[in-house]
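Read off the chains here:
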Amino acid sequence: MKLTLPINSPMRSPQFTYGIATASFQIEGGIEHRLPCIWDTFCSQPGTIADNSNGAVACDHYNLWQQDIEMIKDLNVDAYRLSIAWGRVMNEDGSINHNGIEFYQQILDKLKQYNIKAFVTLYHWDLPQHLEDNGGWLNRATAYAFQHYVEQIVKAFGDRVYSYATLNEPFCSAYLGYELGIHAPGLKGKEYGKKAAHHLLLAHGLAMQVLKKLSPNTLNGIVLNFTPAYAISDNDADIKAAKYADDYLNQWYIKPIIDGQYPAIISQLDAEHQPEILDDDLAIISQPIDFMGINYYTRAIYQADEDTIYQEIKPCDVELTDMGWEVFPQGFSDVLISLNKTYDLPPIYITENGAAMKDQNDKGEVNDVDRFNYFQSHLLAVNTAIEAGVDIKGYFAWSLMDNFEWAEGYLKRFGLVYVDYQTQKRTIKNSGHAFSQLIGSRK
Ligand code: GCO
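As the structure is a prediction and not an experimental result, all values here were calculated from the model. (Residues numbered from 1 in each chain as written. Predicted model: local features only at pLDDT ≥ 70, side-chain atom pairs only at ≥ 80, totals over all residues. Heavy atoms only, no water.)

**Some points on the overall build of the protein**
Each helix and strand in the protein was counted, giving 14 helices and 13 strands. Taking 443 residues into account, the globule formula puts the C-alpha radius of gyration at 22 Å, and the protein, at 21 Å, falls close to it. When the 443 residues of the protein are sorted by exposure, 60% land in the buried category. Counted over contacts in the protein with a minimum sequence separation of 6, partners at least 24 positions apart contribute 77%. Summed over its atoms, the accessible surface of the protein is roughly 17,400 Å², and 48% of this surface lies on carbon and sulfur atoms. Here the protein contributes 35 positively and 56 negatively charged side chains, and the mean placements of these two sets differ by 7 Å. (Helix = DSSP H or I, 4+ residues; strand = E, 2+ residues; numbered from the N terminus. Rg over C-alpha atoms; globule rule 2.2 N^0.38 Å. Buried < 20%, exposed > 50% of the residue type's maximum accessible area, 1.4 Å probe, protein only. Contact = heavy atoms within 4.5 Å. Areas by Shrake-Rupley, 256 points an atom, 1.4 Å probe, with all protein chains shown as cover. Lys, Arg positive; Asp, Glu negative; His and termini not counted. Charge placed at Lys NZ, Arg CZ, Asp CG, Glu CD.)

Next comes the structure, spelled out in structure tokens:
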């Protein structure tokens, strides 16, 4: 199995960055060495996680990090995207936890030694619980606490980092966590979602101020996810519904950053559902960024609905991943091209793309042809976007290894590497070998 790209593709150049991604809560374990976070609390509530699991051990990366970095090196990648657990590096009083800082410094030093660029995400959803107890992202003060944490991190990490992303997917934190309630902290209500979103975006802007001042030589930006919205028919009503869903779920997070304003539908929201926006907020949020990270998995199809404006319709007879998500590579090129038309964008990195599949570990071989096919078609979609003029500098596969897939627990496997959770044995899947081969073939 060989991943292939057109002969003249810029993605075949050594200048194009290939990497793999993880997130702290999903792999680390080692919870006794950090503050409790909202995902610890959420997992402890009955009915929240499909297999009733939690992040106590996960991939035990806290203890196995050295062998994991060797594995990353063996995969041949140019870059590794990891996230920092806020509650591992900071104490409740806002002082530094030196052991936690050292844990990440060792990892970053190893990466540097191996010439692997460190793409550090400062917030991948694991808010310390004591901040949630004070209102979490509904409290404006959390944005300032984030700014303080970022300042400490940047000073401690010095020149070990190649790129900082402030937040990963504020859509998920705000909408899934504070509006639908299917992610931590599990709040449900339209009166919460957009308020949380605004404070997350403010946190991004405040962190950008720090990064610009204290870390001007790293590539600083944010990671957003997009699930492009398609209308189920050509009827005006369905097209309008899809547009509304797109504004509410996707554009909401990018427009304030690039254009300094929310989508116009903000005026249609009930007063109680609107965020409180202070005078300078949008100026802070919309400071220039050095790059934008884009995560893509699938698309969504909408039809008009009299009560809820839009209704998502699940397509029949299409190929699905183990998450039940449609395999739709065209949505990837479509969304990249359309964002590039709509906004004045900085260079783009694809910071996540991948698929959960029903993997079988057959005596040490995981022949995940379906995931290989997913990568093949989605790499081609990225190439299509580049050919259409989108400035894409790199591609990170999600994920390095199977891990804690949030509300799905350990039931869904996204890794290029298979994890046996009984023994913590790692096995590179065939898709992982193919990815590594593709990267090696450029050099
Ligand atoms: C994401 C998350 C990952 C998920 C992945 C699959 O950013 O959504 O970064 O943590 O595991 O997206 O759902």
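Now that the structure has been shown, we can carry on.
**So, the side chain of Ser333**
Its place among the elements puts Ser333 in helix 12 (residues 329-342). A residue is classified by how much of its surface remains accessible, and Ser333, at 8% relative accessible area, is buried. Beyond its immediate chain neighbours, meaning those up to four positions away, Ser333 contacts Ala381, Thr384 and Ala385.

**Points about helix 7 (residues 141-157)**
Think of an α-helix as 3.6 residues a turn; residues three or four steps apart then line up on the same face. Look at helix 7: 25 Å from first C-alpha to last across 17 residues, which is about the 24 Å you get at 1.5 Å a residue. Those residues of helix 7 that fall on the buried side of the exposure criterion are Thr142, Ala143, Phe146, Gln147, Tyr149, Val150, Gln152, Ile153, Val154, Ala156 and Phe157. Looking at the buried residues of helix 7, the elements they touch are helix 4 (86-89), helix 5 (98-113), strand 3 (117-123), helix 6 (129-132), strand 4 (163-168) and helix 9 (190-214). In the segment just after helix 7, Gly158 is the residue with positive phi, at about 55°. (Expected span 1.5 Å × (residues − 1).)

**Some details on the environment of Ile27**
Locating Ile27 in the fold gives a position in helix 1 (residues 24-27). The exposure class of Ile27 is buried, given its relative accessible area of 2%. Separated by 301 residues in sequence, Ile27 and Phe328 place their C-alpha atoms 28 Å apart.

**Here's the deal with the site of the ligand**
The environment of the ligand is formed by 13 residues, the closest being Gln26, His124, Glu169, Glu352 and Glu405. Here an oxygen atom of the ligand sits 2.7 Å away from a polar atom, N or O, in the side chain of Glu169. For the ligand, an oxygen atom lies 3.0 Å from a polar atom in the side chain of Tyr297. When the ligand is considered free in solution it has 310 Å² of accessible area, and contact with the protein chains removes 95% of it. Residue composition of the shell around the ligand, grouped by class: six nonpolar, four polar and three charged. (Near = heavy atom within 4 Å. Polar contact = N/O pair within 3.5 Å; in protein donor to acceptor, adjacent residues only side chain to side chain. Nonpolar A, V, L, I, M, F, W, Y, C, P; charged D, E, K, R; others polar.)

**Quick look at the packing of aromatic side chains**
Following the criterion strictly, the structure yields 42 aromatic pairs and no others. Each ring, one from Phe25 and one from Trp406, has its centre 6.1 Å from the other, and the planes form 15°; the classification is stacked. Residue Phe25 is found in helix 1, and its partner Trp406 is found in the loop between strand 11 (392-398) and strand 12 (417-420); the two are separated by 381 residues along the sequence. Accessibility classification places Phe25 together with Trp406 in one group, the buried group. A centroid spacing of 5.2 Å and a plane angle of 25° characterise the contact between Phe171 and Tyr175, whose relative ring orientation is stacked. Placement of the pair is Phe171 and Tyr175 together in helix 8 (residues 170-180), with a separation of four residues, close to one helical turn. For the pair formed by Phe171 and Tyr175, the shared burial category is buried. Put simply, the rings of Phe171, Tyr175, Tyr244, Tyr248, Trp252, Tyr253, Tyr262, Tyr302 and Tyr310 pair up and form one aromatic cluster. Positioned above the aromatic ring of Phe328, the side-chain terminus of Arg299 is 3.7 Å from the ring centre. Sitting over the face of the ring of Tyr418, Arg413 holds its NZ or CZ atom 4.0 Å from the ring centroid. (Phe/Tyr/Trp six-rings, centres within 6.5 Å; stacked < 30°, edge-to-face > 60°. Lys NZ or Arg CZ within 6 Å of the ring centre and 35° of its normal.)

**So, the sheet that holds strand 1 (residues 17-21)**
The eight strands lie next to each other as 1-2-3-4-5-7-10-11, forming a closed barrel whose pairing is parallel. Ignoring strand direction, the axes of neighbouring strands in this sheet form an average angle of 25°. The sheet contact formed by strand 1 and strand 11 spans five bridges and is parallel. Note on strand 11: the bridge partner recorded for Ile20 is Ala397. Seen against the sheet, helix 13 (residues 369-387) touches strand 1, strand 7 (291-296), strand 10 (348-352) and strand 11 and runs at an angle of roughly 165° to strand 11. Helix-sheet contacts for helix 14 (residues 430-440) involve strand 1 and strand 11, and the interaxial angle to strand 1 is about 155°. (Pairing = 2+ DSSP bridges. Axes fitted to C-alpha atoms, helices over the stretch in contact; angles between N-to-C directions.)

**Topic: the pattern of salt bridges**
Here the structure, examined in full by the defined rule, presents 21 salt bridges. Among the ionic pairs, Asp78 bridges to Arg442, the shortest N-O distance being 3.1 Å. Separated by 364 residues along the polypeptide, Asp78 in the loop between helix 3 (61-74) and strand 2 (79-83) and Arg442 in the segment after helix 14 bring together distant segments of the chain. When sorted by exposure, Asp78 lands in the same class as Arg442, which is buried. (Salt bridge = Lys/Arg side-chain N within 4 Å of Asp/Glu carboxyl O.)

**Let's talk about the sheet that holds strand 8 (residues 300-305)**
The sheet built from three strands is open, its strands ordered 6-8-9 with mixed pairing. In this open sheet, the two strands that pair with only one neighbour each are strand 6 (229-231) and strand 9 (309-313). For this sheet, the mean inter-axis angle between neighbouring strands, taken without regard to orientation, is 45°. For strand 8 and strand 9, the ladder comprises five bridges, and the chain directions are antiparallel. The residue of strand 9 that forms the bridge with Ala304 is Tyr310.

**Some remarks on the nonpolar core**
In this structure, Trp39 and Phe146 are the most contacted members of the largest nonpolar core, which totals 135 residues. If sequence neighbours within four positions are ignored, Phe146 has contacts with Trp86, Leu122, Tyr123, Trp137, Thr166, Leu167, Ala203 and Ala207. Residues Ala21, Ala23, Met357 and Phe414 belong to the second largest nonpolar core, which totals eleven residues. (Core = buried A, V, L, I, M, F, W, Y, C linked by side-chain atoms within 4.5 Å.)

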